[in-house]
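As a plain string of letters, each chain reads:
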Amino acid sequence: MSALTHFDAAGQAHMVDVGAKHETRRVAVATGHITMLAETFAQLQAGNNKKGDVIGIARIAAIQGAKRCADLIPLCHPIALTRVAVEFSPEAGLNRLHIRVTAETVGRTGVEMEALSAVNAGLLTVYDMLKAIDRGMEIGGIRLLEKQGGKSGHWQAAS
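A. Spatial organisation of the overall build of the chain. Across its full length, the chain holds four helices and five strands. Written out in order from the N terminus, the α and β elements of the chain read β-α-α-α-β-β-α-β-β. For the chain, the spread of C-alpha atoms along the principal axes amounts to about 55 × 30 × 30 Å. Scored against the burial criterion, the 159 residues of the chain give a buried share of 39%. A sequence separation of at least 24 residues applies to 68% of the contacts in the chain between residues at least 6 apart. When the accessible surface of the chain is split by element, carbon and sulfur atoms take 55% of a total near 9,200 Å². Counting 17 positive and 15 negative side-chain charges, the chain places the averaged centre of each group 2 Å from the other.

This is the structure in structure tokens:
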């Protein structure tokens, strides 16, 4: 394992200096899911929630989560995102809604945290919009699936 880069020689937390790095195209893909009661899942799929279009609003929240990542994670660099794509897919047999986020930039640091923040913001928004009918929903499976670009190159999670 490599050394933790967010600590200096004295063990103090610091923002990593990326000034000497080359700009490259960087992509990160993250995923997660929210599981709910069958009745909640049916209402989500019917699209008749009193608060509005749950998936549409959660998509916007996910994009906003990626854009505001550096405001939430103290040592993240603010980066100019070139793309954030959000896909939702229902899994009826498990009453589960999956989210998959792809974040992209051309820069000196990766977009893994932006993709992961987007997944969390999207899933939390689904929870917020449906909690009046199901406070027991469970969010889980949040993880990085893939990252491309930079010195470490291409990485993919094991299946």
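B. Region of the structure containing the packing of helix 2 (residues 54-67) against helix 4 (residues 112-130). Close contact between helix 2 and helix 4 brings their axes to 7 Å; oriented N to C, the two are set at 145°. Every pair of crossing elements has a handedness; the one defined by helix 2 and helix 4 is right-handed. Only Glu114, Ser117, Ala118, Ala121, Gly122, Thr125, Val126, Met129 and Leu130 of helix 4 make contact with helix 2, whose side of the interface consists of Val54, Ile57, Ala58, Ala61, Ala62, Gly65 and Ala66. A per-class count over the contact of helix 2 with helix 4 returns eleven nonpolar, four polar and one charged.

C. Focus on the nonpolar core. Residues Met36, Ile99 and Val126 are the most contacted members of the largest nonpolar core, which totals 28 residues. When residues of this core are traced back to their parent elements, those giving at least two are strand 1 (24-35), helix 1 (38-46), helix 2, strand 2 (81-91), strand 3 (96-107) and helix 4. With eight residues, the single largest contributor to this core is helix 4.

D. Representation of unusual backbone geometry within the structure. The phi dihedral of Asn95 falls on the positive side, at around 50°, and the residue is not glycine. Structurally, Asn95 is set in the loop between strand 2 and strand 3.

E. Helix 4, seen in detail. For helix 4, with 19 residues, the first-to-last C-alpha span of 28 Å sits near the 27 Å given by 1.5 Å per residue. Among the residues of helix 4, those classed as buried are Glu114, Ala115, Leu116, Ser117, Ala118, Val119, Gly122, Leu123, Thr125, Val126, Met129 and Leu130.

F. Examining helix 2 more closely. Taking 1.5 Å of rise per residue, 14 residues should cover 20 Å, and helix 2 covers 20 Å from first to last C-alpha, within 8% of that figure. When helix 2 is considered as a whole, its buried residues turn out to be Val54, Gly56, Ala58, Ala61, Ala62, Gly65 and Ala66. Of the surrounding elements, those touching the buried residues of helix 2 are helix 1, helix 3 (69-72), strand 2, strand 3 and helix 4.

Cut-offs used in this document
Residues numbered from 1 in each chain as written. Predicted model: local features only at pLDDT ≥ 70, side-chain atom pairs only at ≥ 80, totals over all residues. Heavy atoms only, no water. Helix = DSSP H or I, 4+ residues; strand = E, 2+ residues; numbered from the N terminus. Buried < 20%, exposed > 50% of the residue type's maximum accessible area, 1.4 Å probe, protein only. Contact = heavy atoms within 4.5 Å. Areas by Shrake-Rupley, 256 points an atom, 1.4 Å probe, with all protein chains shown as cover. Lys, Arg positive; Asp, Glu negative; His and termini not counted. Charge placed at Lys NZ, Arg CZ, Asp CG, Glu CD. Axes fitted to C-alpha atoms, helices over the stretch in contact; angles between N-to-C directions. Left-handed = near helix turned anticlockwise from the far one by under 90°. Nonpolar A, V, L, I, M, F, W, Y, C, P; charged D, E, K, R; others polar. Core = buried A, V, L, I, M, F, W, Y, C linked by side-chain atoms within 4.5 Å. Expected span 1.5 Å × (residues − 1).

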